[in-house]
Amino acid sequence: MNLCCNAAGLCHSVTMKSKYSQYYNKTLITYHYAYAKNMTANETKEQYKVKKQLTELNIVLVILCTIIILENLLVLLAVFRNKKFHSAMFFFIGNLAFSDLLAGSAYIANIFLSGPKTLELVPVQWFIREGTAFIALAASVFSLLAIAIERFIAITKVKVYGSTKTCRMFLLIGACWVTSILLGGLPILGWNCINNLPDCSTVLPLYSKQYILFVVSIFTLILLSIVILYVKIYLIVRSSRQEATNSQAYALFKTVTIVLGVFIICWLPAFTVLLLDSSCSMQLCPVLSNAHVFFGLATLNSALNPMIYVLRSKDMRREFLRVLCCWGVLQSGRPSERCLVQLKSSSSMEHCTNKFEHQTTPIMQTCTTCV
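Model, not experiment: these values are computed from the prediction.

Caption draft 1: Representation of the overall build of the protein in the model. The secondary structure content of the protein amounts to twelve helices and zero strands. The linear arrangement of helices and strands in the protein, starting from the amino end, is α-α-α-α-α-α-α-α-α-α-α-α. Counting across all 371 residues of the protein, residues that qualify as buried make up 49%. Restricting to contacts in the protein with at least 6 residues of sequence separation, those with at least 24 account for 76%.

What follows is the structure in structure tokens.
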């Protein structure tokens, strides 16, 4: 290695080549897990041999992820089927539902590739296993930020839903996915701890501690950004001169409290564990051995998002019932052909979206229930 370092460029090139050449090393994961747990390679192999593929917790998480997939699929079907929902706000909600659906699917795959299967993976498979779940969860978080940005723009700017609405919407959605894929793909691209065991994470033994710290910092900034945006929205609504402003402001405050409360409750334990992971060993912080429990709690956020962002819409709830009716899940004594009857808009969210399609004055001056 010293010989390589005689020229900075050569050193970097050789190191990267050596790192990438380890991606198909079948014994590398065993040694990384052994180092993280302060065990020998043989002890690690024996420990993972006796592990159950599906523990009681994993069964609960599989059921939870199945619910996540079904409820978010229901959201996507509702948005797709009903043309009244083909507006920017509902497309953002559909994007959130899609990312949560992927999060549920990726976490199920992660569960079935964990336990005794872990040491059978090669590093590139391990990176795909962890990276896919991470991309889906990150996309869900970025979608929450995109919705907050869209709502802030919608309530403060002019002609939000005019000729540039499609461009604005796809830019935000595209940025959400590009950022998530980039963030989740950094380890497989090279930001990992292969060939540098002291830099390895305890919870995710092939990830660099610096990468973990970077990710937690990004998510913390996202949380702060969402808080700032919703506080500004709340203040704008509160200061408007519309009738019933106080009740509308209170309703908004209640929604924001639920959104932020659920986000913090679900993600703060995982963030805390990852922060500990970047500065603490498993011997000093035994809670790191139960990190999967906190990641499961973070996944719960994907199950609660549809309830917060969608089920508060009367029209969406009705569309849910219509979809379930058409599937034969709910009949309620009604003829099946009534499942296909078009809805009349009644929710404030959709009312505002349609009303200001060609708005030329700030939305906040005439409607304060868009958020």
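Back to the text.
Caption draft 2: A nonpolar patch on the surface, seen in detail. On the surface, a cluster of nonpolar side chains totalling about 430 Å² of accessible area is made up of Leu 54, Ile 59, Ile 63, Ile 67 and Phe 112. If you tally residues by element for the nonpolar patch, the top one is helix α4 (residues 56-81), at three residues. Following the sequence through the fold, Ile 59 ends up in helix α4. Look at Ile 59 and you get partly exposed, because its relative accessible area is 41%.

Caption draft 3: Spotlight on the packing of aromatic side chains. Tallied over the entire structure, the rule returns 16 aromatic pairs. Taking the centre distance of 5.2 Å and the plane angle of 85° together, the rings of Trp 126 and Tyr 207 count as edge-to-face. With a gap of 81 residues between them, Trp 126 in helix α6 (residues 123-156) and Tyr 207 in the loop between α7 (165-189) and α8 (209-239) connect regions that are remote in the sequence. Residue classification places Trp 126 among the buried positions, given a relative accessible area of 0%. Judged by its relative accessible area of 2%, Tyr 207 falls in the buried class.

Caption draft 4: Summary view of the state of the cysteines. Inspection of every chain in the model, using the stated rule, returns two disulfides. With its sulfur 2.1 Å from that of its partner, Cys 193 forms a disulfide with Cys 200. Handedness here is read from the sign of the S-S torsion; for Cys 193 and Cys 200, about 100°, the answer is right-handed. No difference in accessibility class separates Cys 193 from Cys 200, as the two residues are buried.

Caption draft 5: Layout of the UniProt feature "transmembrane region" (unreviewed entry) in the protein. Here, the residues flagged by UniProt with the feature "transmembrane region" (unreviewed entry) are residues 59-80, 92-113, 133-149, 170-191, 211-237, 249-271 and 291-311. The span residues 170-191 shows a helical share of 91% and a strand share of 0%, and its end C-alpha atoms are spaced 29 Å apart.

Caption draft 6: Region of the structure containing the environment of Ile 29. Position of Ile 29 relative to the elements: it lies in helix α2 (residues 28-36). For Ile 29, a relative accessible area of 0% corresponds to the buried category. Between the C-alpha atom of Ile 29 and that of Trp 126, which follows or precedes it by 97 residues, the distance is 8.4 Å. Discounting chain neighbours no more than four positions away, the residues touching Ile 29 are Thr 118, Leu 119, Leu 121, Val 122, Pro 123, Trp 126 and Leu 206.

Caption draft 7: Summary view of the side chain of Glu 71. Checked against the element boundaries, Glu 71 lands in helix α4. On the basis of relative accessible area, Glu 71 is assigned to the buried category, the value being 16%. Ignoring sequence-local partners within four residues, the contact set of Glu 71 consists of Ser 302, Ala 303, Leu 304, Pro 306 and Met 307.

Caption draft 8: Up close: the nonpolar core. The biggest cluster of nonpolar side chains holds 84 residues, and the ones touching the most others in it are Trp 126, Phe 219, Trp 267 and Tyr 309. Counting residues per element, this core draws most heavily on α6, which supplies 17 residues. Those residues within four positions of Phe 219 in sequence are excluded, and the remaining contacts are Phe 134, Ala 138, Val 141, Leu 183, Trp 267 and Phe 271. Counting residues in hydrophobic clusters, the runner-up holds nine residues, among them Leu 64, Tyr 107, Ile 108 and Ile 111.

Caption draft 9: Looking closely at the confidence of the model for the protein. Averaged over all residues, the pLDDT of the protein is 77; the fraction at 70 or higher stands at 75%. Ranking the helices and strands of the protein by mean pLDDT puts α2 first, with 91, and helix α12 (residues 348-355) last, with 42. Note on residues 158-163: pLDDT is under 50 here. Beyond four places in sequence and across chains, it has 19 contacts.

Caption draft 10: View of the packing of helix α5 (residues 88-112) against α6. Close contact between α5 and α6 brings their axes to 8 Å; oriented N to C, the two are set at 160°. Between α5 and α6, the angle is such that the two are roughly antiparallel. Where α5 crosses over α6, the two elements pack in a sense that is left-handed. Looking at the contact of α5 with α6, its residues break down into 14 nonpolar, six polar and five charged.

What counts, and at which threshold
Residues numbered from 1 in each chain as written. Predicted model: local features only at pLDDT ≥ 70, side-chain atom pairs only at ≥ 80, totals over all residues. Heavy atoms only, no water. Helix = DSSP H or I, 4+ residues; strand = E, 2+ residues; numbered from the N terminus. Buried < 20%, exposed > 50% of the residue type's maximum accessible area, 1.4 Å probe, protein only. Contact = heavy atoms within 4.5 Å. Patch = residues over 30% accessible without salt bridge, like charges linked within 9 Å, V, L, I, M, F, W, Y side chains within 5 Å. Areas by Shrake-Rupley, 256 points an atom, 1.4 Å probe, with all protein chains shown as cover. Salt bridge = Lys/Arg side-chain N within 4 Å of Asp/Glu carboxyl O. Phe/Tyr/Trp six-rings, centres within 6.5 Å; stacked < 30°, edge-to-face > 60°. Disulfide = S-S within 2.5 Å. UniProt positions renumbered as here; feature names shortened; annotations may be inferred. Core = buried A, V, L, I, M, F, W, Y, C linked by side-chain atoms within 4.5 Å. pLDDT = per-residue confidence, 0-100. Axes fitted to C-alpha atoms, helices over the stretch in contact; angles between N-to-C directions. Parallel < 35°, antiparallel > 145°, perpendicular 65-115°, else oblique. Left-handed = near helix turned anticlockwise from the far one by under 90°. Nonpolar A, V, L, I, M, F, W, Y, C, P; charged D, E, K, R; others polar.

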